[in-house]
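Each chain is listed here by its residues.
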Amino acid sequence: MVFRRKVVSGLLLVLTVLLVLSGCENSSNRADTGNGISPSGEDGVKPITLKMMHIWPESSSAQQYKLVSQIIKQYEQDNPNVTIEQEVFENEQYKNKLKVLSASNELPDVGITWAAGFMDPYVKGGLFASLDDVLNGPELKNKFFPGTVEAYSVEGKTYALPIELNITPVYYNKEIFAQYNLQVPTTYDEFKQVVKTLAEHGVAPIALGNKDRWTGSLWYMYLADRIAGSDTLAKAIDATGTFEDAGLIQAAREIQNLVDMNAFNRGFNGLSNEEGKQEFMDGKAAMCLMGTWEIPNFTTNPDVPQEFKDKVGFFKFPTVEGGKGDINSWVGGPGAGLFIAENSKLKEEAKKFVSYFVAKWGEQSVTDAGVIPATKVDPSSMDLPQMYVDLLGELNKASNITLFADVQMKPDAAQVHLNMIQALFGKAVTPEEFALKHQEAAQKNK
């Protein structure tokens, strides 16, 4: 699913205003609504334990982990009879765990999901509860940016609530660029010259951990967008077009050209995202393409040295000469969302917690974690890092936002895409074979 200009224009209008809707209830009022269970701790109130599974380990996502723990602590204080148990995994471990638990219908009461094709089999399998009542409740009604909740809807019902909104810039090390007298590229030819110069001087131009595969997909998606245009990629994904379009094949070919130029760090195809990203964090690689969920590591995370944070800038993925893409077209969209298990024995209590969590995340994620939330906030009175302000401004100017390919696609097609991405970067397939495998998967899963 691609967020078309109509949806994006609505998003931009709201982002320009960025008003907090009035009428939010205070936390004590929120604690007294929902399932009728008193938070007062009076005798006779039944203890409740909700299980929550999420993707922000303290070791790699310190600010998000801190924020989740803080919201949980607040909720438990407001609701003394409730305990929230956290189980935390890295991104890929989490996805595997979700598959295992779903097979035995033992999902946690509350968990993380992604939109569109990723969520589809869980919804079709009756594993996620409808959250329309939470969406339209007093805490969250009309609070989301246009185009965010829609990504979590199936046949008119909402099955998860987004908490993040992301775009994907190229982060770069300003000190390394200055050392080799490099300028921020705006065209792909300029970008390749930057890569060439860095490689010639023994510096890894780009940090990449492609063992997780979705990381390499970001590069293909941007090249596909810039060369063939976002409509071409969208139609290929939904099988109304073809992956064998000349522009999409050229995008795949450019990936292998970058590999031949030694654009990526050594051993990238065998490194996880965290391992690959660390090479940028350690100052060993000059650039890193990643979503705005990384902003905290470059701005507010106290565990990252300020000396490094001061070196990090960002730029938009460059345009390709003769290509159909627009430099203000982004890969991104709604990030992680919260689901509630359909078979949870504490479904109403879980809904109350999710409503509270999403509202609190929207209020606190900007200042406490430097995350762009999916709900409307008013940053005018906040002291925000300049990078956050600048990226919010870029989001405001976006002409198009294309949802991550592996999230858009049906699960079987997504697996083909991810496997082919790794094969493409490893030069185990030709660009034409890459396109053909995608086309076969798209036709099979349409």
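Throughout what follows, the structure given in this document is the object of discussion. None of the values given here were measured: they were computed from a predicted structure.

What the rule picks out here adds up to 16 salt bridges. Measuring nitrogen to oxygen at the nearest pair gives 2.6 Å for the salt bridge that ties Arg-253 to Glu-432. In this pair, Arg-253 sits in helix H11 (residues 246-260) while Glu-432 sits in helix H19 (residues 431-444), placing the two residues 179 residues apart along the sequence. Taking relative accessible area as the criterion, Glu-432 reaches 40% and is therefore assigned partly exposed. Two residues, Lys-316 and Glu-394, come together in a salt bridge whose shortest N-O distance is 3.3 Å.

Moving on, we come to the environment of Ser-230. Its place among the elements puts Ser-230 in helix H10 (residues 230-237). Given a relative accessible area of 14%, Ser-230 falls into the buried group. Along the backbone, Ser-230 and Thr-402 are 172 residues apart, and their C-alpha atoms lie at a distance of 7.3 Å.

This paragraph deals with the sheet that holds strand S3 (residues 82-88). Ordered in space as S3-S2-S4-S14-S7, the five strands form an open sheet in which the pairing is mixed. Since the sheet does not close on itself, it has two edges, and those belong to S3 and strand S7 (161-162), each with one partner. Note that strand S2 (residues 48-54) and S3 share seven bridges and pair parallel. Pairing of Met-52 across the sheet is with Gln-86, part of S3. Sitting on the sheet, helix H3 (residues 62-78) is in contact with S2 and S3, with an inclination near 165 degrees to S3. Packing against the sheet, helix H4 (residues 91-103) makes contact with S2, S3, strand S4 (110-113) and strand S14 (337-340), and its axis sits at approximately 130 degrees to S2.

In contact at an axis separation of 8 Å, H11 and H19 are set at 130 degrees when each is read in the N-to-C sense. In terms of axis orientation, H11 runs oblique to H19. In terms of crossing hand, the pair formed by H11 and H19 is right-handed. Here Ile-249, Ala-252, Arg-253 and Gln-256 of H11 lie close against H19, whose contacting residues are Pro-431, Glu-432, Phe-434 and Ala-435. Broken down by class, the residue content of the contact of H11 with H19 amounts to five nonpolar, one polar and two charged.

The rules we used
Residues numbered from 1 in each chain as written. Predicted model: local features only at pLDDT ≥ 70, side-chain atom pairs only at ≥ 80, totals over all residues. Heavy atoms only, no water. Salt bridge = Lys/Arg side-chain N within 4 Å of Asp/Glu carboxyl O. Helix = DSSP H or I, 4+ residues; strand = E, 2+ residues; numbered from the N terminus. Buried < 20%, exposed > 50% of the residue type's maximum accessible area, 1.4 Å probe, protein only. Pairing = 2+ DSSP bridges. Contact = heavy atoms within 4.5 Å. Axes fitted to C-alpha atoms, helices over the stretch in contact; angles between N-to-C directions. Parallel < 35°, antiparallel > 145°, perpendicular 65-115°, else oblique. Left-handed = near helix turned anticlockwise from the far one by under 90°. Nonpolar A, V, L, I, M, F, W, Y, C, P; charged D, E, K, R; others polar.

Function cannot be read off these values alone, since they describe shape.
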